[in-house]
Amino acid sequence: MRNLRFTISYDGSSYSGFQIQPKSDTVQYRLEQAVFLLTGETVKVISSGRTDAGVHAKAQVINFITSSKIPVERWCLALNARLPRDIVAHTAEEVLPTFHSRKAAKRKTYCYTIRSARFPDVFHRNFEYHHPTHLNVEAMREALPCLLGEHDFTSFCTVRTDKEIKVRTLYEVRMETESDVLLATGKVERIRLIITGNGFLYNMVRIIVGTLIQIGEGKRPPSDMQRVLEARDRSQAGPTAEAMGLTLWKVDY
């Protein structure tokens, strides 16, 4: 028996999240189906974490146990031939039997992308949230430092969570922007929130983004982020931002 670890990417637009669900098309189901088609084995694919419906991954990490003797260097090509085009395996390696993608993960990085422009971008519409009016990026940046470090993030977690402990540590929270002027649409600004932590609560990044968007719109002052954090009350934060703008960027071990 071998424990194989893979790095995969996927466009989550067509899936009901990563984790297998009854009567739903999920990334995990597609991966397990591809392994079955390749080896005849029924395996359980373990991931570094579950992504929600519509959320993407640039470098998700998975592993599973197999008795197949297929050389590890052939696995990605063989899997990709049996996966839909919106899921791709990039790297494969054999790891210790004790390796577990979720339990061994030390840090995860997510990226949320916002297009601040009059019109959406037809080519990136599945990977960024379209905001049709101007956002005050400097005000949004000003709100970020209070999130760094170890905090109780109850305010930024859906009430439907099953996690009792809501303390997490954020190591990096920053914003990047790129601007352009297109004659047809006027000024275009693409805003990216990059956030790295030791773990994330259900919808945590998307609720932080929803609150930041309200700050960028001038509906809240930047100082309100600190108040919301300290309130430990979901009703004090902004709405949950749409899923399509969120990508699992990297997992560190």
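In short, a report on the structure. (Residues numbered from 1 in each chain as written. Predicted model: local features only at pLDDT ≥ 70, side-chain atom pairs only at ≥ 80, totals over all residues. Heavy atoms only, no water.)

1. A few points about the packing of aromatic side chains
In this structure the tally under the stated criterion is seven aromatic pairs. Aromatic pair Phe153 and Phe156: ring centres 6.4 Å apart, planes at 55°, arrangement tilted. Accessibility assignment for this pair places Phe153 and Phe156 in one class, buried. Following the ring pairs from residue to residue traces out a cluster consisting of Phe6, Phe64 and Trp75. Note that Arg5 overlies the ring of Tyr253, its terminal NZ or CZ placed 4.6 Å from the centroid. (Phe/Tyr/Trp six-rings, centres within 6.5 Å; stacked < 30°, edge-to-face > 60°. Buried < 20%, exposed > 50% of the residue type's maximum accessible area, 1.4 Å probe, protein only. Lys NZ or Arg CZ within 6 Å of the ring centre and 35° of its normal.)

2. Some points on the layout of surface pockets
Here the largest pocket defines a volume of roughly 1,200 Å³. As for the largest pocket, its lining consists of 38 residues, of which Gly49, Arg50, Thr51, Arg102 and Lys163 are closest to the centre. Where the lining of the largest pocket is concerned, the elements lending two or more residues are strand S2 (46-47), strand S5 (107-116) and helix H4 (204-216). Here the lining of the largest pocket takes three residues from H4, the largest share from any one element. Classifying every residue of the lining of the largest pocket gives 13 nonpolar, 14 polar and 11 charged. (1 Å grid on protein atoms, 1.4 Å probe; cavity = no way out; pocket = protein on both sides within 12 Å on 5 of 7 lines; lining within 4 Å. Points joined across faces, edges and corners; volume = space filled by probe spheres on them. Helix = DSSP H or I, 4+ residues; strand = E, 2+ residues; numbered from the N terminus. Nonpolar A, V, L, I, M, F, W, Y, C, P; charged D, E, K, R; others polar.)

3. Here we look at the nonpolar core
Among the nonpolar cores identified, the biggest contains 69 residues, and Phe6, Ile8, Leu31, Ile114, Leu147, Phe156 and Leu193 are the most heavily contacted of them. Considering every element that reaches this core, the biggest residue donor is H4, with eight residues. Discounting chain neighbours no more than four positions away, the residues touching Leu147 are Phe153, Phe156, Leu170, Val173, Ile208, Met225 and Leu229. (Core = buried A, V, L, I, M, F, W, Y, C linked by side-chain atoms within 4.5 Å. Contact = heavy atoms within 4.5 Å.)

4. Digging into unusual backbone geometry
Look at Lys23: it is not a glycine, yet its phi comes out positive at around 60°. Turning to its location among the elements, Lys23 is positioned in the loop between strand S1 (2-10) and helix H1 (27-39). Classification of Lys23 by relative accessible area gives exposed; the value is 91%. Here the phi dihedral of Asn203 falls at roughly 70°; this positive angle occurs in a residue that is not glycine. Structurally, Asn203 is set in the loop between strand S9 (186-197) and H4.

5. Looking at H1
Compared with the 18 Å implied by 1.5 Å per residue over 13 residues, the 18 Å span of H1 between its first and last C-alpha is a close match. Taken residue by residue, H1 has Val27, Gln28, Leu31, Glu32, Ala34, Val35 and Leu38 as its buried positions. Projection of H1 onto a plane perpendicular to its axis shows the buried side chains occupying an angular sector of 155°, all on one side. Lining the buried residues of H1 we find S1, strand S3 (56-66), helix H2 (75-80) and strand S4 (87-95). In the stretch just after H1, Gly40 is the one whose phi turns positive, near 80°. (Expected span 1.5 Å × (residues − 1). Arc of directions from axis to C-beta.)

6. Let's talk about empty space enclosed by the protein
Scanning the entire structure with this criterion turns up one cavity of 30 Å³ or more. Of the volumes computed, that of the largest cavity is approximately 40 Å³. As for the largest cavity, its lining consists of Tyr112, Ile114, Met140, Met175, Ile191, Arg192, Leu193, Val209 and Leu212. The set of elements that each furnish at least two residues to the lining of the largest cavity consists of S5, S9 and H4.

7. What about the side chain of Glu41?
Residue position: Glu41 is located in the loop between H1 and S2. For the buried Glu41, no salt bridge is present, and the opposite-charge side chain at shortest range is Arg2, 7.9 Å distant. In terms of polar contacts, Glu41 uses its side chain to reach the side chain of Ser67, at 2.7 Å. Ignoring any residue separated from it by four or fewer positions in sequence, one finds Glu41 in contact with Val35, Phe36, Thr66, Ser67 and Ser68. (Lys, Arg positive; Asp, Glu negative; His and termini not counted. Salt bridge = Lys/Arg side-chain N within 4 Å of Asp/Glu carboxyl O. Polar contact = N/O pair within 3.5 Å; in protein donor to acceptor, adjacent residues only side chain to side chain.)

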